[in-house]
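Residue-level listing of the chains:
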Amino acid sequence: MTLTIGTPPASLSDELVAKLTKVSFPTIGHYLEEGFVEPGIQRQCGTNRVVGRAITVRLTGQDSTLLHHAAGYCEPGDVFVVDMGGDTRHAPVGEVLAEVLHARGAAGVIIDGVMTDIDEVEPLGLPVYARGRSVLTTKLLHLDAGGVHVPVSVGGVVVNPGDVVLADRNGVFVAAPAVLESIVDVALEDDAEEPDLVRQVRGGERLGDLTGATEAVNRILEARR
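Structural notes, computed from the coordinates. From a predicted model like this one, the values you see are computed outputs, not experimental measurements. Per chain, residue numbering runs from 1 following the sequence as it is written. Note on the predicted model: pLDDT of at least 70 is required for a residue's local features to be given, and 80 or more for side-chain atom pairs to be given and counted; whole-chain, interface and lining totals, by contrast, use all residues. Each side-chain value is worked out from all heavy atoms of the structure, with water and hydrogens disregarded.

1. A few points about the pairing of strand β13 (residues 171-175)
Right, so step 1: Burial status follows relative accessibility: with a 1.4 Å probe on protein chains alone, a residue under 20% of its type maximum counts as buried, one over 50% as exposed, and anything between as partly exposed. The helix count covers DSSP runs of H or I at least four residues long, the strand count covers runs of E at least two residues long, and both are numbered beginning at the N terminus. For β13, the buried fraction is high: five of the five residues fall into the buried class.
Right, so step 2: Residues G171, F173 and A175 of β13 are buried on one face, and the alternating residues V172 and V174, pointing to the opposite face, are buried as well.
Right, so step 3: In this analysis, strands are considered paired if DSSP registers two or more bridges between them. Sheet topology note: the strand β12 (residues 164-168)/β13 ladder contains five bridges and is antiparallel. Residue pairing in the sheet places A167 in a bridge with V172 of β13.
Right, so step 4: Connecting the antiparallel pair β12 and β13 is a turn made up of two residues.

The following block contains the structure:
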């Protein structure tokens, strides 16, 4: 067992964050296939959409020592991403951790595990995503294990320090800033076109005619003849 503290990641660019606060997160799924966290990790409390820099924490056993340490260095807009190593019984985040992160301006918390103290955390408005809730908590065991600012695995996705975390009621998505910079503008264009598409469908147009899907189906059928 070896405790590892990596280098804190660079801040996200203000321009990228501004664009991501406007984009519809599911639109990103039109262009990417990787980075989408398993749907079992869902928002347990909070209402705001999450856009922020990933601060990664890997815990070992039932020891939350490193999370207590890292929370004190939280910066506004950070999203704490907690890898519990497959433990879905011990909750690393409850009232105290949530109060600390909320006071320091965290944008949210993503746990591949469970949370606790839902009645106390919910009024804070801090978005917390997890696989569920538990009465059983982690302990301060002070083990020489785990890591901060290290690659972690959350919901089947590898999350690196400084990745962009996006989350809303639909779920969680994570990607390197460069990946999102390459598609965010076209995603925003798609979002801008969608109201007109909906208007045409409500006016009686067929969706497949508008998107080209019907033409593609007819082309496939014609090729079989």
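From this point, things continue past the structure.
2. Quick word on the layout of surface pockets
Right, so step 1: Estimated volume of the largest pocket: approximately 220 Å³.
Right, so step 2: With a 1 Å grid spanning the protein atoms alone, the term cavity applies to any set of points in which a 1.4 Å probe fits but cannot get out, the term pocket to an open set with protein on both sides within 12 Å along at least five of seven lines, and the term lining residue to any residue with an atom within 4 Å of a point. Around the largest pocket, the lining comprises 15 residues; the ones closest to its centre are P8, I55, A70, Y73 and H149.
Right, so step 3: Elements supplying a minimum of two residues to the lining of the largest pocket: β3 (50-58), α3 (65-71) and β4 (78-83).
Right, so step 4: Residues are grouped as follows: nonpolar covers Ala, Val, Leu, Ile, Met, Phe, Trp, Tyr, Cys and Pro; charged covers Asp, Glu, Lys and Arg; every other residue, Gly included, is treated as polar. Residue classes in the lining of the largest pocket are distributed as nine nonpolar, three polar and three charged. Grid points are joined across faces, edges and corners, and a volume is the space filled by probe spheres set on the points.

3. Comments concerning the pattern of salt bridges
Right, so step 1: Salt bridge criterion: a side-chain nitrogen from Lys or Arg within 4 Å of a carboxyl oxygen from Asp or Glu. By the definition in use, this model includes nine salt bridges.
Right, so step 2: One salt bridge connects R199 with D196, and the closest N-O pair in it is separated by 2.5 Å. Of this pair, R199 and D196 both sit in helix α6 (residues 177-202), three residues apart, which is roughly one turn of the helix.
Right, so step 3: Classification of R199 by relative accessible area gives exposed; the value is 52%.
Right, so step 4: Measuring nitrogen to oxygen at the nearest pair gives 2.5 Å for the salt bridge that ties E222 to R225.
Right, so step 5: With relative accessibility at 45%, the residue E222 sits in the partly exposed group.
Right, so step 6: Three or more residues are tied together by salt bridges with common partners; here these are E15, K19 and D185.

4. Considering the packing of aromatic side chains
Right, so step 1: Ring pairs are drawn from Phe, Tyr and Trp, using the six-membered ring of Trp, whenever the two centres fall within 6.5 Å, and their geometry is named by plane angle: stacked under 30 degrees, edge-to-face over 60, tilted for the rest. In total, this model carries one aromatic pair according to the counting rule given.
Right, so step 2: When the centroid spacing of 4.6 Å and the interplanar angle of 45° are considered together, the rings of F36 and F173 count as tilted. Taken together, the residues span a long stretch of sequence, with F36 in the loop between α2 (25-28) and β2 (42-45) and F173 in strand β13 at a distance of 137 residues.
Right, so step 3: Owing to a relative accessible area of 5%, F173 belongs among the buried residues under this scheme.

5. With respect to the side chain of D112
Right, so step 1: Looking at where D112 falls in the secondary structure, it is placed in strand β5 (residues 108-112).
Right, so step 2: Judged by its relative accessible area of 13%, D112 is buried.
Right, so step 3: Identification of polar contacts relies on pairs of N or O atoms within 3.5 Å, with a donor-acceptor requirement for protein atoms, meaning one able to donate a hydrogen and the other able to accept it, and with residues adjacent in sequence counted only if both atoms are side-chain atoms. At 2.6 Å, the side chain of D112 and the side chain of R131 are in polar contact.
Right, so step 4: In what follows, residue pairs with any heavy atoms lying within 4.5 Å of each other are defined as contacts. Other than its neighbours up to four places away in sequence, D112 contacts I41, V82, M84, D87, R131, S153, V154 and G155.

6. A few points about unusual backbone geometry
Right, so step 1: Despite not being glycine, D117 shows a phi value in the positive range, around 60°.
Right, so step 2: Considering the arrangement of structural elements, one finds D117 in the loop between β6 (114-115) and α5 (118-121).
Right, so step 3: When its relative accessible area of 31% is taken as the criterion, D117 is described as partly exposed.
Right, so step 4: One non-glycine residue, H149, adopts positive backbone phi at about 60°.
Right, so step 5: Mapped onto the secondary structure, H149 falls in the loop between β9 (147-148) and β10 (152-154).

Keep in mind that these numbers describe shape and distance, not what the molecule does.
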